[in-house]
Amino acid sequence: MSLVLDGVSLGVPGVPVLEDVSVHFERGSLNVLLGPTLSGKTSMMRVMAGLDRPDRGRVWMDGADVTGVPVRRRSVAMVYQQFVNYPTLSVYENIASPLRVAGLPRAEIEARVRDAARLLRLEPLLRRTPAQLSGGQQQRTAIARALVKRAALVLLDEPLANLDYKLREELREELPALFAQTGAILVYATTEPMEALLLGGRTTTLWEGRTTASGPAAETYRNPPNLPATRVFSDPPLNELPVEARGGQLHLPDGQALPGLPGLPDGSWRLGFRAEHLQVGRPPPGSLGLAGRVNVTEIAGSESYVHVDVGVATWVALVRGVMDLPPGEAVRVHVDPRRIMAFDIAGRRATLAQPAPSRVVA
Amino acid sequence: MARITLDGIGHAYGPRPGGPADYALQPLDLVWEQGLAYALLGPSGCGKTTLLNIISGLVQPSHGRLLFDGTDVTHLPTERRNIAQVFQFPVIYDTMTVAGNLAFPLRNRGMDRAGIVQQVARTAAMLGLTEVLDRPARNLSADAKQKISLGRGLVRQDVAAVLFDEPLTVIDPGLKWELRSKLKAVHRALDLLMIYVTHDQTEALTFADQVVVMEGGQVLQVGTPAELFERPDHTFVGHFIGSPGMNLLPAEVSGMEARVDGHALPLAGRYAPLDAGRIEVGVRPDFVALTDGPGLPVQVDRIDDLGRVRLARVRLGRHRMVATVPPDAVVSGSEARVRIDPARIHVYADSRRVAPL
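Residues numbered from 1 in each chain as written. Chains lettered and ligands numbered in written order. Predicted model: local features only at pLDDT ≥ 70, side-chain atom pairs only at ≥ 80, totals over all residues.

*Asks:* What is the right way to look at the pairing of strand 7 (residues 153-157) of chain A in this model?
*Replies:* Consecutive side chains of a regular strand alternate in pointing toward one face of the sheet and then the other. Residue and element names in this part refer to chain A. With 5 of 5 residues buried, strand 7 lies mostly within the body of the structure. Every second residue of strand 7 is oriented toward a common face, with Leu153, Leu155 and Asp157 on one face and Val154 and Leu156 on the other, all of them buried. Direction of pairing for strand 6 (residues 76-79) relative to strand 7: parallel, over a ladder of 4 bridges. Along strand 7, the bridge assignment pairs Ala77 with Val154. As paired strands, strand 7 and strand 8 (residues 185-190) are joined by 5 bridges and run parallel to one another. Note on strand 8: the bridge partner recorded for Leu156 is Tyr188. Handedness of the crossover joining strand 7 and strand 8 through helix 5 (residues 165-180): right-handed. (Buried ≥ 20, exposed ≤ 12 C-beta atoms within 10 Å, placed from the backbone. Helix = DSSP H or I, 4+ residues; strand = E, 2+ residues; numbered from the N terminus. Pairing = 2+ DSSP bridges. Right-handed = clockwise from strand over helix to strand, strands pointing away.)

Here it is in structure tokens:
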């Protein structure tokens, strides 16, 4: 039981929207599509739903070729970023509408609507119309409607993007469990790396209409295979440094030389490391350190973001706790070489890092 | 140049408000100073937008007076308040160039040509728009258009205040980083009073000198980002700020100890006997860590791996809480211990923080 896109391409001549996209999603799984606006997330979902027919490639559902089968003949439910509800119908009727269209018996409709309303905490609101609801309640109504259909494929296109931050946090917690109970294939599109990590499941990263990585969320975050996937899966943005590896040293564009990285062959590389691995302070022995100046510091409660100009690049250091450095302050920053990823000119990642030691707490 | 004074400002729905439920915004007193940035932070329906609309003149408050530099502007229309506004979606003239858009508010005020050129160049440089100044605004990307909107809000130096209404909501995460740090740098460079409405704690905390946390039409706490994180005055502030929010556990407190479902938590301060109302202790997940040393026994329900941090969903007795997992730690069983920093535990009675003796 699965959904397969096999070599799917889509687009107008000269403007590819999807290029040779292949994915394999299992029934009962949660699959996150992660990428910036216009990277192809919605286009992939439209192909999966049968709203668009691909120019090349096939779509398989449970082993059957469904390429070109229209959406009305598929078992699909979709939730969009913009809440879509029938304004004149009550919440109850909004949730019930796909079941009425399907001609289900009255008692069955009643039972399914009550179930979904309970799960999404809409029970006290069933008699209201959408205009009398908050944004979060309207979106929960739209999600409940997707749930009652018990579709084999549920597509959620940035469903929480227009909701309050805290409400998003709660729904993120609840949504995967909610849909897991239905056994559907769940596909969830987002622009936010943290959302992909919080949801868990499998993450597929997208860049300019191509899939660039696919795997369990945290594993893919820690061990991305190439530069586009690493950039898309970094928040704060990836810190980067172009270098020339030569004679056991790293040569920077401004003429500085740093100690070489073990295992890195000579040549042109783009080094990358995450903000949480950039430390502020005097570099300990063996670390890669540079001098810079603070552009701006942002305090976000449990962590602070120190934006540092190191001359050849601008980096962000994510520091635990409150660190308030004035703009223009001279600082030293450093990173543990084991945290550095190296990418070749084509963006492919070289194998370098050694895992850090561990201890047992439970 | 201005100081804004909210003197008993409130807004009720009907002509004869009874209880708090009749108010979109309960009467409040606040003073906002020239040169500082303020964020109004809260969930939808908390009253933050009503408050912003009262400042801009879109809403006439039912209660109180609004003063700009001591002058009563409560009943003045928006155009006579001398404020600049930036909205959630870009508001620009498609037919004009980027420079034309930035110059528009200055032309409206009758500024001379040389002054306009200078101000437009300075604003464009701050926001990274210099290279596109001569391009038509029409063909630019959504984030570039929002940069122009921000530029139009910041181009005049003589405004009483710049009001931002969720300006980064439609921006992709990567570009949010760029725009946020640009805004912050602009705030450092310009001597303007800025008021920023958002539901996003990261935007509020990173931008503002002072954050006004609101809920249910009420201001619950005004403080610096560090104060709101380290010492929330209200359990809602503890919950709303921080991701995930503060752990709140029903407790009995006496002297220098709290008891949570039979477990003793040492406290850093001494408390007077608390027997009235609902007593809770609050501690942020950041200060609760799984440990292989001594600590309180917990059941581990789940580990959430968020890439750069791992969170353990645990139970202390019957009560759920969130703990952090140290970077080098391995968790395999369901029995564990947590270490809680006593100095980071706060005590709340009926949702309000109780200060130690």
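*Asks:* Help me out: how do you make sense of the domain arrangement of chain A in this one?
*Replies:* The figure often quoted for interface size is the accessible area lost as the parts come together. All names here are of chain A. Annotation of chain A at the domain level lists domain 1 (2-229) and domain 2 (239-350). Here the C-alpha centre of domain 2 lies 38 Å away from the C-alpha centre of domain 1. On the domain 2 side, the residues contacting the 4 residues of domain 1 number 6 residues. Class assignment for the residues of the side of domain 1 that touches domain 2 results in 3 nonpolar, 1 polar and no charged. (Domains from an automatic or database assignment. Contact = placed C-beta atoms within 7 Å. Nonpolar A, V, L, I, M, F, W, Y, C, P; charged D, E, K, R; others polar.)

*Asks:* Whenever I open this one, the sheet that holds strand 10 (residues 210-216) of chain A confuses me. Can you help?
*Replies:* Picture the strands of a sheet paired through backbone hydrogen bonds; they go either parallel or antiparallel. Residue and element names in this part refer to chain A. Overall, mixed pairing links the 6 strands, which are arranged 6-7-8-3-9-10 in an open sheet. At either end of the open sheet lies a strand with only one pairing partner, and these are strand 6 and strand 10. Taking each pair of neighbouring strands and ignoring which way they run, the sheet shows an average axis angle of 15°. Of the pairings in the sheet, the one linking strand 9 (residues 202-207) to strand 10 comprises 6 bridges and is antiparallel in character. (Axes fitted to C-alpha atoms, helices over the stretch in contact; angles between N-to-C directions.)

*Asks:* What's the story with the domain arrangement of chain B in this structure? I'm lost.
*Replies:* Residues and elements named next belong to chain B. Splitting chain B by domain gives domain 1 (4-240) and domain 2 (248-354). Distance from the C-alpha centre of domain 1 to the C-alpha centre of domain 2: 38 Å. With 7 residues of domain 1 at the interface, the matching set in domain 2 holds 8 residues. A breakdown of the residues in the side of domain 1 that touches domain 2 according to their chemical character gives 2 nonpolar, 3 polar and 2 charged.

*Asks:* Whenever I open this one, helix 3 (residues 113-127) of chain B confuses me. Can you help?
*Replies:* Because an α-helix packs 3.6 residues into every turn, residues spaced three or four apart end up facing the same way. All names here are of chain B. Between its terminal C-alpha atoms helix 3 stretches 21 Å, which fits the 21 Å expected from 15 residues at 1.5 Å a residue. Those residues of helix 3 not exposed but buried are Val120, Thr123, Ala124 and Leu127. Looking straight down helix 3, one finds its buried side chains confined to an arc of 100°; they lie on one side. Every exposed residue of helix 3 that faces more than 90 degrees away from the buried side is listed here: Ala114, Gly115 and Ala125. Of the residues flanking the end of helix 3, it is Gly128, one or two places downstream, whose phi is positive at about 75°. (Expected span 1.5 Å × (residues − 1). Arc of directions from axis to C-beta.)

*Asks:* In this structure, what is going on with helix 4 (residues 135-148) of chain A? I would like to understand it.
*Replies:* Residue and element names in this part refer to chain A. Here helix 4 contains 14 residues, and its C-alpha end-to-end distance of 20 Å stays within 8% of the 20 Å for a straight helix at 1.5 Å per residue. Taken across its 14 residues, helix 4 has 12 buried, putting it largely inside the fold. When we look at burial in helix 4, the residues that qualify are Gly136, Gln138, Gln139, Arg140, Thr141, Ala142, Ile143, Ala144, Arg145, Ala146, Leu147 and Val148. If you follow the buried residues of helix 4, they end up packed against strand 6, helix 2 (91-101), helix 3 (106-119), strand 7 and helix 5. One or two positions beyond helix 4, positive phi appears at Arg150, with a value near 50°.

*Asks:* Is there a simple way to think about the confidence of the model for chain A in this case?
*Replies:* In low-pLDDT regions, the fine details of the predicted coordinates are not to be read closely. Looking at chain A as a whole, the pLDDT averages 91, with 97% of positions reaching at least 70. Mean pLDDT across the elements of chain A ranges from a minimum in strand 22 (residues 359-360) of chain A, with 64, to a maximum in helix 8 (residues 227-232) of chain A, with 98. (pLDDT = per-residue confidence, 0-100.)

*Asks:* For this particular structure, what's the right way to read the sheet that holds strand 9 (residues 210-215) of chain B?
*Replies:* Residues and elements named next belong to chain B. Read across the open sheet, the 6 strands follow the order 6-7-8-3-9-10; overall the sheet is mixed. The sheet is open, and its two borders are formed by strand 6 (83-86) and strand 10 (218-223), each paired with just one other strand. In this sheet, neighbouring strand axes are inclined to one another by 20° on average, regardless of whether the strands run parallel or antiparallel. Pairing of strand 9 with strand 10 involves 5 bridges; the strand directions are antiparallel. Paired with Met214 across the bridge in strand 10 is Val219.

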